[in-house]
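# Residue-level structural notes
Given next are the chains, with one letter for each unit.
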Amino acid sequence: MPLVESGSAPSNSEAPAVDPATAKAYWAKTSNLMWLVFGIWFFFSFVVHFFAPSLNSIKILGFPLGFYMAAQGSLIVFVVALFWFGKRQNEIDEEFGVQED
């Protein structure tokens, strides 16, 4: 494996040149997606758990709804959001031509 000087990239993996307007649009979409996923995470990490005690009067499969949402529901949402984020970010990358090969 050839050594690469500090500060230079290997010639076979150079990033394509992107004009500033396209880079700004790319970052806007990526940033909006990031904030959306952060909002989903915040809601299912804190808001749902805050209301969990008031949901405990409802039972699902013998478990209180508040417990179910805190112990299982949030984790399911986190995993689904993770895969959705990856898929959506890949679509954004392909839209702007910066996808990984």
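Residues numbered from 1 in each chain as written. Predicted model: local features only at pLDDT ≥ 70, side-chain atom pairs only at ≥ 80, totals over all residues. Heavy atoms only, no water.

With that out of the way, let us pick up the confidence of the model for the chain. Per-residue confidence for the chain gives a mean pLDDT of 83, with 84% of residues at or over 70. Here helix α2 (residues 52–55) stands out as the least confident element of the chain, with mean pLDDT 82; helix α1 (residues 20–50) is the most confident, with 92. Note that residues 1–5 has pLDDT below 50 and, in this model, 2 contacts with residues that lie over four places away or in other chains. (pLDDT = per-residue confidence, 0-100. Helix = DSSP H or I, 4+ residues; strand = E, 2+ residues; numbered from the N terminus. Contact = heavy atoms within 4.5 Å.)

Looking now at the pattern of salt bridges. If the charged atoms of two oppositely charged side chains come close together, the side chains can form a pair. A complete count under the given rule lists 3 salt bridges for this structure. With its nearest N and O atoms 2.6 Å apart, the salt bridge here joins E91 to K87. One end of the pair, E91, and the other, K87, are both in helix α3 (residues 65–95), 4 residues apart, so they sit about a helical turn from each other. You can call E91 partly exposed: its relative accessible area is 32%. Note that E91 and R88 form a salt bridge whose closest N and O atoms lie 3.3 Å from each other. On the criterion of helical spacing, the pair formed by E91 and R88 is a turn pair, its members being 3 residues apart in helix α3. Using a relative accessible area of 26% as the deciding quantity, one classes R88 as partly exposed. Taken together, the shared-partner salt bridges in this structure form one network comprising K87, R88 and E91. (Salt bridge = Lys/Arg side-chain N within 4 Å of Asp/Glu carboxyl O. Buried < 20%, exposed > 50% of the residue type's maximum accessible area, 1.4 Å probe, protein only.)

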